[in-house]
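Commentary on secondary and tertiary structure
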Amino acid sequence: MTCLWIDVDDLFRYGATDHQRPSGIQRVAFELALALHDIHAESVRFIRLGPSGRMLVPVPWESGAALYAGLTMA
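Residues numbered from 1 in each chain as written. Predicted model: local features only at pLDDT ≥ 70, side-chain atom pairs only at ≥ 80, totals over all residues. Heavy atoms only, no water.

Focus: the sheet that holds strand β2 (residues 44–49)
As a reminder of what qualifies: Strand pairing is assigned whenever DSSP identifies at least 2 bridges connecting the two strands. Put simply, DSSP marks the helices as runs of H or I at least four residues long and the strands as runs of E at least two long, and each gets a number from the N terminus on. What counts as an axis is a line fitted to C-alpha atoms, over the stretch in contact for a helix, and the angles between N-to-C directions run from 0 to 180 degrees. Contacts were defined at the residue level, with two residues in contact if any of their heavy atoms lie within 4.5 Å.
The strand order across the open sheet built from 3 strands is β1-β2-β3, with neighbouring strands paired in mixed fashion. Each having just a single partner strand, β1 (4–7) and β3 (56–59) make up the two edges of the open sheet. With direction set aside, neighbouring strand axes in the sheet form an average angle of 45°. As judged from the 4 bridges shared by β2 and β3, these two strands associate in the antiparallel manner. Its bridge partner being in β3, L49 is matched across the sheet by L56. Running over the sheet, helix α2 (residues 24–39) touches β1 and β2 and is turned about 145° from β2.

Structure representation (structure tokens):
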């Protein structure tokens, strides 16, 4: 099975700051990821830089969705 990995590091870095709302970049990137996930949930995954900043690590879909929901509800 082919898997589409979507880099959400920018969303997590943005969410870790004092920003209360996502910028247009984060909104567009996440909405595209959401649309792809709605179509092919079994083959769309999130990924971001790990603690070392050198390796990519998987991120549970629920973590990215919860972060985005929290930023858009503020």
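Some thoughts on helix α3 (residues 61–73)
Our working definition: Expected span of a helix: the number of residues minus one, times 1.5 Å. Exposure is judged per residue with a 1.4 Å probe applied to protein chains only, and the accessible area is read against the type maximum: over 50% gives exposed, under 20% gives buried, and values in between give partly exposed. Working definition: the arc comes from the directions between the helix axis and the C-beta atoms, pointing outward to the latter.
A rise of 1.5 Å per residue sets the reference length of α3, with its 13 residues, at 18 Å; its end C-alpha atoms lie 18 Å apart and thus fit the reference within 8%. All buried positions along α3 are accounted for by W61, G64, Y68 and L71. Take α3 and look down its axis: the buried residues cluster within an arc of 110°, on one side only. Residues of α3 that are exposed and point over 90 degrees away from its buried face: E62, A66 and M73.

Limitation: the analysis is restricted to geometry and does not speak to function.
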